[in-house]
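One-letter residues, chain by chain:
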Amino acid sequence: MTSTNETLPVTGTTRRDEHGLLLVLEQHVEGHDTFLTGRLDLGSKSVPVRIISFDDVTVLRPTEAVPALAAHWTAVLHLPHGARPRRIPADLTEAARERARDVDALDPAELRYALTFLGEATTDAIRAARIEAIVSALAPYHPEAA
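Scoring rules and cut-offs
Residues numbered from 1 in each chain as written. Predicted model: local features only at pLDDT ≥ 70, side-chain atom pairs only at ≥ 80, totals over all residues. Heavy atoms only, no water. Helix = DSSP H or I, 4+ residues; strand = E, 2+ residues; numbered from the N terminus. Buried < 20%, exposed > 50% of the residue type's maximum accessible area, 1.4 Å probe, protein only. Contact = heavy atoms within 4.5 Å. Phe/Tyr/Trp six-rings, centres within 6.5 Å; stacked < 30°, edge-to-face > 60°. Pairing = 2+ DSSP bridges.

### Let's talk about the overall build of the protein chain
Scanning the protein chain for helices and strands turns up three helices and six strands. When the helices and strands of the protein chain are placed in sequence order, the string is β-β-β-β-β-β-α-α-α. Across the 146 residues of the protein chain, 32% fall into the buried class. The long-range fraction of contacts in the protein chain, counting pairs at least 24 apart against all pairs at least 6 apart in sequence, stands at 62%.

### Digging into the packing of aromatic side chains
Tallied over the entire structure, the rule returns one aromatic pair. Seen from their ring centres, Tyr113 and Phe117 are 6.4 Å apart, and the 0° between their planes marks the pair as stacked. Of this pair, Tyr113 and Phe117 are both found in helix H2 (residues 108-119), four residues apart, which corresponds to roughly one turn of the helix. Under the relative-accessibility criterion, Phe117 is labelled partly exposed at 27%.

### Some words on the pairing of strand S6 (residues 72-79)
Pairing of strand S1 (residues 6-17) with S6 involves eight bridges; the strand directions are antiparallel. Paired with Thr11 across the bridge in S6 is Thr74. Bridge count between strand S3 (residues 37-42) and S6: three bridges; the pairing is antiparallel. Note that in S6 the partner of Leu40 across the bridge is Leu77.

So this is what it looks like as structure tokens:
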């Protein structure tokens, strides 16, 4: 059995789609990879769930039958993989520094998009072009006067 690295109290609402039950969290779960699994403690029942994180919402899809839930519910989400903070690669950091651009100004959704875009580069030339595209879109870096 996988050990739990992180436990989060969560609240949400229920929805259904053509594939079954969706548990829509009221809070967005940041720093966790999407499509990984966790366990959701719903009272006396623990249900395995697949975690689906979008830019502004996290949805859990149970992979087993779930006891009847109210339209609004509270539970505990156990994440065996823990948080996975996003790290800005050295080549992107260096390129931003060289052009006095502020990579730290990206909000979490923008950073996730930029790092995914960069991570999908299949050659060094494509990676370099993508770094250029990201850096050119960054705001100029303006250190605050001390």
